[in-house]
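Residues per chain, in single letters:
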Amino acid sequence: MPIFTVYQWGQGLCSAASGEYGSCQPNNECILRGGIPAGPCAGGYGTCCIFMASCGGVVRENGTYFVNPNHPDSTDGTGSCQLTILKMHQDICQVRLDFDHFSLNGPEIVNHICNTDQFLVSGGSPAPTICGSATGEHMYIDAGMGQSNPIILTVITSGPSFPRSWRVRISQIPCGAIAKADQGCLQYHTGVSGRVKSFNFDPLSGRQLSNQDYSICIRTERNFCSIQYTACPGAVPGNRSRTFTLSGNSNSVVQAMVGGGTQGSPNSCTNDWLMVPCAKIADRLPMASTCEDKICGGTFNAEVSSVERTVVSTIRPFRLAFHTDSIEAPTDVDNRGFCLDYVQQPCTSNK
């Protein structure tokens, strides 16, 4: 029987009663490294060490939380709050931002532009400016080569008083890690099934954000060859779903529109759209011989219709692209964005 147990300090996660994750550190090191002791770990030999930083902070500890001033309470202050992320070492290729909690003032109601509050990422790969709610969402930011490429997170707040709060977990991802996202993916989902949403989506009160242009990727699991997407259930059972409303006036039924077309073409997507590569209706028999790439309107369907349908894509790797322009009014009114449930489909002999 071994007399001693060897603990790998800093390996794995431990959790605090307040919900944050930390790393297990020797008792005397947590405070020296700028962390917050959050209870025992490693059988009492170590301390679960939480790292938090706010405005003006410079961080390089993996798993650091970027929090609002006055955290865990909200703040109604205005100004600019900036955090600088430095790589732990030069073999870091990406930074993942997990929005454990994120609530800023939403976009204005006419064109849905974030003109009072904004969350911005600079110094890495392009990321859209967001505002409103993003709790439960995430972003992957390419960190560039070498060690001297800081990534800067900025929250700008202005305008009327609003209870703003955020807690964003920062994970540094090594270049060879299995958790590394594919190139060009702002969001990267894993698993046979899951859910994807636009930022600030809410079927009752959300507003689709303008000036969005990014890709959502889903890792192709082994022995799966296609993927099906279905609009999420509506907020009120029996009522019309508003879980896919990208263009048109969503206060009434807007049919699905598909394809790129040209400006002014009927039933096409020229301003705001979700790109689903070679989308077809999943249960149409026989399967359609043609497919579409862009879907918009207020109904999720791969064909022009007012009836929601499940859509399938066989193009791998699985990837969606979301685009919105800077104009909503007067044609587009009260669009919420999108929420889709996905299920990967196993390979069969005829695929």
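Residues numbered from 1 in each chain as written. Predicted model: local features only at pLDDT ≥ 70, side-chain atom pairs only at ≥ 80, totals over all residues. Heavy atoms only, no water.

Chemist: In this structure, what is going on with the packing of aromatic side chains? I would like to understand it.
Modeler: Here a ring pair, both rings aromatic, is described through the centre-centre distance and the interplanar angle of the planes. Considering all chains together, one arrives at nine aromatic pairs under this definition. Relative to F102, the ring of F99 has its centre 5.2 Å away and its plane inclined at 80 degrees; by these criteria the two rings are edge-to-face. Across this residue pair, the class does not change: F99 and F102 are buried. When the ring centre of W273 is taken as origin, the NZ or CZ atom of K294, which lies over that ring, is 3.7 Å away. (Phe/Tyr/Trp six-rings, centres within 6.5 Å; stacked < 30°, edge-to-face > 60°. Buried < 20%, exposed > 50% of the residue type's maximum accessible area, 1.4 Å probe, protein only. Lys NZ or Arg CZ within 6 Å of the ring centre and 35° of its normal.)

Chemist: What should I look at first to understand the environment of N335 in this one?
Modeler: Within the secondary structure, N335 sits in the loop between β23 (318–323) and β24 (337–346). Relative accessible area serves as the criterion here: at 0%, N335 is assigned to the buried category. For the pair N335 and F201, spaced 134 residues apart in the sequence, the C-alpha separation amounts to 9.4 Å. Those residues in contact with N335 that sit more than four places away from it in its chain are H112, G206, R207, Q208, T245, L246, S247, G248, S250 and E328. (Helix = DSSP H or I, 4+ residues; strand = E, 2+ residues; numbered from the N terminus. Contact = heavy atoms within 4.5 Å.)

Chemist: When you look at the domain arrangement of the chain in this model, what are you seeing that I'm missing?
Modeler: What the domain assignment reports for the chain is domain 1 (12–49), domain 2 (52–176) and domain 3 (188–346). Once you take the C-alpha centre of each, domain 1 and domain 2 turn out to be 24 Å apart. Taken residue by residue, the interface counts seven residues in domain 1 and seven residues in domain 2. Where domain 1 abuts domain 2, roughly 570 Å² becomes buried across the two surfaces, and 41% of that area is made up of carbon and sulfur atoms. (Domains from an automatic or database assignment. Buried area = accessible area lost by both parts, 1.4 Å probe.)

Chemist: Looking at this model, I keep getting lost on the nonpolar core. Mind explaining?
Modeler: The nonpolar side chains of soluble globular proteins are, as a tendency, buried together. F66, L97, F119, M139, L153 and Y229 are the most contacted members of the largest nonpolar core, which has 59 residues in total. Split by domain, the residues of this core number at least three in each of domain 2 (52–176) and domain 3 (188–346). Sequence-distant contacts of F66, defined by excluding residues within four places in its chain, comprise A53, S54, C81, L83, F119, L153, V155, W166, R167, V168 and I170. Core analysis: the second largest hydrophobic core is formed by nine residues, C24, A42, I50 and Y65 among them. (Core = buried A, V, L, I, M, F, W, Y, C linked by side-chain atoms within 4.5 Å.)

Chemist: I'm lost on the sheet that holds strand β2 (residues 21–26) in this one. Help?
Modeler: Within a sheet, neighbouring strands are paired by backbone hydrogen bonds and run either parallel or antiparallel to one another. An order of β1-β2-β4-β3 is seen for the four strands of this open sheet, with the pairing classed as antiparallel. The open sheet terminates on both sides in strands that have one partner only, identified here as β1 (14–15) and β3 (36–41). With four bridges joining them, β3 and strand β4 (residues 46–50) adopt antiparallel strand pairing. Bridged to I36 within β4 is I50. (Pairing = 2+ DSSP bridges.)

Chemist: What is the right way to read the sheet that holds strand β5 (residues 52–53) from this model?
Modeler: The five strands are arranged β5-β7-β13-β9-β11 in an open sheet whose pairing can be described as mixed. The strands lining the two open edges of the sheet, one partner per strand, are β5 and β11 (138–142). The sheet contact formed by strand β9 (residues 92–103) and β11 spans five bridges and is antiparallel. Bridge pairing links L97 to M139 in β11.

Chemist: Just checking my understanding: could you explain the pairing of β24 for this structure?
Modeler: A regular strand places its side chains so that they alternate between the two faces of the sheet. The buried fraction of β24 is high, at seven of ten residues. Across five bridges, the pairing between strand β15 (residues 193–197) and β24 is antiparallel. Bridge pairing in β24 places V196 opposite L340. Here strand β18 (residues 244–245) runs beside β24; their pairing, made up of two bridges, is antiparallel. Across the sheet, residue T245 finds its bridge partner in β24, namely G337.

Chemist: Would you take a moment to explain unusual backbone geometry for this structure?
Modeler: Apart from glycine, the bulk of residues carry a negative phi angle, and the bulk of peptide bonds sit in the trans form. A cis amide bond links L285 with the next residue in sequence, P286, at an omega value of -5 degrees. Relative to the helices and strands, P286 is located in the loop between β20 (273–281) and β21 (292–297). Residues R316 and P317 are joined by a peptide bond in cis, for which omega reads 0 degrees. Residue position: P317 is located in the loop between β22 (311–313) and β23. Residues other than glycine seldom take positive phi values, yet D334 does so here, at roughly 60 degrees. The topology assignment puts D334 in the loop between β23 and β24. Of the residues examined, D334 reaches a relative accessible area of 28% and is grouped as partly exposed.

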